Amino acid sequence: GEDVEQSLFLSVREGDSSVINCTYTDSSSTYLYWYKQEPGAGLQLLTYIFSNMDMKQDQRLTVLLNKKDKHLSLRIADTQTGDSAIYFCAERGGAGSARQLTFGSGTQLTVLP
Amino acid sequence: EPEVTQTPSHQVTQMGQEVILRCVPISNHLYFYWYRQILGQKVEFLVSFYNNEISEKSEIFDDQFSVERPDGSNFTLKIRSTKLEDSAMYFCASIQGSSGNTIYFGEGSWLTVV
């Protein structure tokens, strides 16, 4: 079945850039998503990218997609303490289908002052 | 911005009891989902629902689970006889249509089985 992998932990200093990486196996993935989860809270959609794009920028967030290597990354510029959270990568495939998301295990981002 | 709402936010129940988790998807959305997240683990797909029937379900979604859309707005997940291992955060989600690109999640319902 489909699989999505992420590293579990990342620590950065406030003001630095954070890069969270994700790999996936489903070559038919059409949309790839980044969700943020703060402690005890729900899943907040940060951004998504369609599989025919290489890059998407949204304010401090930059998503890079390497479809050949099935590698997705999320870069957060000027990381703030409020960015500390778990970040989930998720993929969804099958054009025209309402197939469910497959999530990675999440990367715990810790921003140090 | 439209949102998916879930109730209760937290429920504690005794093992063997029935639990119903409620969700109100976004009003013009057609596809609905339940996911769960056991503490510290991945978010896992349970079931998808479209046109008043289950579209897909995972192996987690066994006979103890059922879903229903009892009226035009609510979407419920019922666990018939809860087990300790059902303790998790349950997320409801919805999407406008099959080609929609944004899946909206609710805030989740924490279920603790004791």
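The numbers attached to residues start from 1 for each chain and follow its sequence in the written order. Throughout, the order in which chains and ligands are written sets their labels, letters from A for the former and numbers from 1 for the latter. Side-chain atom pairs in this predicted model are given and counted only at pLDDT of 80 or more, local residue features only at pLDDT of at least 70, and totals for whole chains, interfaces and linings cover all residues. To obtain the side-chain values, all non-hydrogen atoms of the structure were included, while hydrogens and water were left out.

1. Notes on the overall build of chain A
Looking only at helices and strands, one finds zero helices and eleven strands in chain A. Ordering the α and β elements of chain A from the N terminus gives β-β-β-β-β-β-β-β-β-β-β. Taking 13 Å as the expected radius of gyration for a compact globule of 113 residues, we find that chain A reaches 14 Å, a close match to that expectation. Considered along the principal axes of its C-alpha atoms, chain A spans approximately 45 × 30 × 20 Å. Taking all 113 residues of chain A together, the buried fraction comes to 46%. In chain A, the proportion of contacts linking residues at least 24 apart, taken out of those at least 6 apart, comes to 55%. Within the structure as shown, chain A displays about 5,200 Å² of accessible surface, and the carbon and sulfur contribution to it stands at 50%. A run of H or I in DSSP becomes a helix once it reaches four residues, and a run of E becomes a strand once it reaches two; helices and strands are each numbered from the N terminus. Radius of gyration here uses only the C-alpha atoms, and the compact-globule reference equals 2.2 Å multiplied by the residue count raised to the power 0.38. Burial classes: relative accessible area under 20% of the type maximum marks a residue as buried, over 50% as exposed, and values in between as partly exposed (1.4 Å probe, protein chains only). Residue contacts are counted whenever heavy atoms from the two residues lie within 4.5 Å of one another. All accessible areas in this document rest on Shrake-Rupley with a 1.4 Å probe, and a residue is counted as covered only by the protein chains that are shown.

2. What to know about the sheet that holds strand β3 (residues 18-24) of chain A
Residue and element names in this part refer to chain A. Spatially, the five strands line up as an open sheet ordered β1-β3-β8-β7-β6, and their pairing is antiparallel. The outermost strands of the open sheet, each flanked by one partner alone, are β1 (4-6) and β6 (55-58). The mean inter-strand angle of the sheet, taken between neighbouring strand axes irrespective of direction, is 15 degrees. When DSSP finds at least two bridges between two strands, those strands are taken to pair. Looking at chain direction, strand β7 (residues 61-66) and strand β8 (residues 71-76) are connected through six bridges and run antiparallel. Pairing of L65 across the sheet is with L72, part of β8. Only the stretch in contact is used when fitting a helix axis, every axis being a line fitted to C-alpha atoms; angles between N-to-C directions are given from 0 to 180 degrees.

3. Considerations on the interface of chain B and chain A
Between chain B and chain A, the residue contacts involve 22 residues of the former and 23 residues of the latter. When the two sides are added together, the surface that chain B and chain A hide from each other amounts to roughly 1,800 Å², 54% of it contributed by carbon and sulfur. Each salt bridge in this description consists of a side-chain nitrogen of Lys or Arg and a carboxyl oxygen of Asp or Glu lying within 4 Å of one another. Taken together, chain B and chain A are joined by one salt bridge. Notably, a salt bridge pairs A:D3 with B:K42, separated by 3.5 Å at the nearest N-O pair. Polar contacts here mean pairs of N or O atoms no more than 3.5 Å apart (in protein, one a potential hydrogen donor and the other a potential acceptor; neighbouring residues in sequence count only if both atoms are side-chain atoms). Our enumeration of links across chain B and chain A arrives at five residue pairs in polar contact (both at pLDDT 80 or more). The set of elements that each furnish at least two residues to the side of chain B that touches chain A consists of β4 (31-37), β5 (43-50) and β9 (88-95) of chain B. The element contributing the most residues to the side of chain B that touches chain A is β4(B), with four residues. Charged residues are taken to be Asp, Glu, Lys and Arg, nonpolar residues to be Ala, Val, Leu, Ile, Met, Phe, Trp, Tyr, Cys and Pro, and polar residues to be all remaining types, Gly included. Tallied by class, the residues present in the side of chain B that touches chain A amount to eleven nonpolar, eight polar and three charged. Buried area is understood as the total, over both parts, of accessible area removed when two parts are fitted together, assessed with a 1.4 Å probe.

4. Examining the nonpolar core
Most often, soluble globular proteins keep nonpolar side chains buried together rather than apart. For our purposes a nonpolar core is just a set of buried Ala, Val, Leu, Ile, Met, Phe, Trp, Tyr and Cys residues, chained together by side-chain atoms within 4.5 Å. Counting residues in each nonpolar core, the largest one holds 23 residues, and the members touching the most others are B:W34, B:L46, B:F61, B:V67, B:F75, B:L77 and B:Y90. Of all the secondary structure elements, the ones that give two or more residues to this core are β3 (19-24), β4, β5, β7 (65-68), β8 (75-79), β9 and β11 (109-113) of chain B. Of all hydrophobic cores here, the second largest spans 20 residues; its members include A:L72, A:A85, A:C89 and A:L109.

5. Focus: the pairing of β8(B)
Residues and elements named next belong to chain B. β8 sits mainly inside the fold: four of its five residues count as buried. Of the pairings in the sheet, the one linking β3 to β8 comprises five bridges and is antiparallel in character. Residue pairing for β8: R22 is matched across the bridge by T76. Pairing analysis gives four bridges linking β7 to β8, with the strands arranged antiparallel. Across the sheet, residue F65 finds its bridge partner in β8, namely I79. Hairpin geometry of β7 and β8 is characterised by an intervening segment of six residues between the two adjacent antiparallel strands.

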